[in-house]
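Inside the fold
Listed here are the chains, written in short residue letters.
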Amino acid sequence: NQLVNWALLNQDRDKAEALLADIFARDESNTGAVIARAKLHMADGQLEEAVADLRIALRNDPQQIEALLLTARASEMKQSPELALDAYRQVLAIKPDNPVALYGAAKLLLAQGEAEDAEEKLRALLKVAPGNGEATRLLVSSLVSQEKWDQARHEAEALLEKEPDSALAHYLMGRIYYG
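The structure contained in this document is the topic of the report that follows. Please read these numbers as outputs of a predicted model, since none were measured by experiment.

The rules behind these values
Throughout this description, residue numbers start from 1 for each chain and increase along the sequence as written. Residues qualify for local features only when their pLDDT is at least 70, as the model is predicted, and side-chain atom pairs are given and counted only at 80 or more; totals for whole chains, interfaces and linings, by contrast, use all residues. Excluding hydrogens and water, the side-chain values take into account all heavy atoms of the structure. What counts as a helix is a DSSP run of H or I of at least four residues, what counts as a strand is a run of E of at least two, and both are numbered from the N terminus. Contacts are assigned to residue pairs that have any heavy atoms within 4.5 Å of one another. Only the protein chains shown count as covering a residue, and every accessible area follows the Shrake-Rupley method with a 1.4 Å probe. Only four residue types enter the charge count, namely Lys and Arg as positive and Asp and Glu as negative; His and the chain termini do not. Charge placement uses NZ in Lys and CZ in Arg. For Asp and Glu, CG and CD serve respectively. Axis lines are fitted through C-alpha atoms, for helices just across the contact stretch, and the angle between N-to-C directions can take any value from 0 to 180 degrees. Working rule for angles: under 35 degrees goes down as roughly parallel, over 145 as roughly antiparallel, 65 to 115 as roughly perpendicular, anything else as oblique. Only Asp, Glu, Lys and Arg are considered charged in this grouping, and only Ala, Val, Leu, Ile, Met, Phe, Trp, Tyr, Cys and Pro are considered nonpolar; every other residue, Gly among them, is considered polar. Grid points spaced at 1 Å over the protein atoms alone were grouped into cavities, where a 1.4 Å probe fits but cannot get out, and pockets, open sets with protein on both sides within 12 Å along at least five of seven lines, with lining residues defined by an atom within 4 Å of a point. Grid points are joined across faces, edges and corners, and a volume is the space filled by probe spheres set on the points. Multiplying 1.5 Å by the helix residue count minus one yields the expected span of that helix. The buried label applies to any residue whose accessible area, calculated with a 1.4 Å probe on protein chains only, is under 20% of its type's maximum; exposed applies above 50%, and partly exposed to all values in between. Two N or O atoms form a polar contact when they lie within 3.5 Å of each other; inside protein one atom must be a possible hydrogen donor and the other a possible acceptor, and for residues adjacent in sequence the pair counts only when both atoms belong to side chains.

Focus on the overall build of the protein
- Each helix and strand in the protein was counted, giving 11 helices and 0 strands.
- Reading the secondary structure of the protein in the N-to-C direction produces α-α-α-α-α-α-α-α-α-α-α.
- If you line up the protein on its principal axes, its C-alpha atoms span 60 × 30 × 25 Å.
- Long-range contacts, defined here as pairs at least 24 residues apart, represent 41% of the contacts in the protein between residues at least 6 apart.
- Counting only carbon and sulfur atoms, one obtains 50% of the accessible surface of the protein, whose full area is about 10000 Å².
- Of note, the protein has its 20 positive side-chain charges centred 1 Å away from the centre of its 29 negative side-chain charges.

Thoughts on the packing of helix H9 (residues 133-145) against helix H11 (residues 167-178)
- H11 packs onto H9 with a crossing angle of 0 degrees between their chain directions and a minimal axis gap of 11 Å. By the angle class used here, H9 and H11 are roughly parallel. Of H11, the residues touching H9 (which contributes Gly-133, Glu-134, Thr-136, Arg-137, Val-140, Ser-141 and Val-144) are Leu-168, Tyr-171, Leu-172, Arg-175 and Ile-176.
- A breakdown of the residues in the contact of H9 with H11 according to their chemical character gives 6 nonpolar, 3 polar and 3 charged.

A few points about the layout of surface pockets
- Approximately 220 Å³ is the volume found for the largest pocket.
- Counting residues per element, the ones that place at least two in the lining of the largest pocket are helix H4 (47-60), helix H5 (65-77) and helix H6 (81-94).
- By residue number, the principal contributor to the lining of the largest pocket is H6, which donates 4 residues.
- Each residue belonging to the lining of the largest pocket can be placed in one class, and the counts come to 5 nonpolar, 3 polar and 3 charged.

Comments concerning helix H3 (residues 31-43)
- The first and last C-alpha atoms of H3 sit 18 Å apart over 13 residues, in line with the 18 Å expected at 1.5 Å per residue.
- Those residues of H3 that fall on the buried side of the exposure criterion are Ala-33, Val-34, Ile-35, Ala-36, Ala-38, Leu-40, His-41 and Met-42.
- Where H3 begins, the side chain of Asn-30 points an oxygen toward the backbone nitrogen of Gly-32, at a separation of 3.1 Å.
- Remark: Gly-45 follows H3 within two positions and exhibits a positive phi of approximately 75 degrees.

Take a look at the structure:
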């Protein structure tokens, strides 16, 4: 499985496929290989096939975080935000500080108008990844949509203090004042 992932990282698809064929000849339900094949399907835009492989991986190991995150991503690509959010929530039930799941869930919650839940996820993300500009931008957006002007200004000013030349911080301040 490590060799397959190495081949994928090096964009050597032929090598990855050959290694996968060898693994599947010995063990059709190898979770790592099934996940690697799902990645290839996703890269090819074959989302149904990818999701089918990810279901196999999750049947083998329901707490497989990589498979859950890929399921969320494939669901987003398929325009199925509820399924994606469900997968992110499953990851967070296993690992509450997973930054990918926190960010993905927050983004989807904001898009669904659930700003308070998004705020909670973004604050948790900023504890794990302080100074994350995109998370700060989303947090300020969440606070603005809830009309929590003072908190939004505080977050934007904190970013501006850390990064005085930050275009993002200036944009956020403008967004708050534009209100």
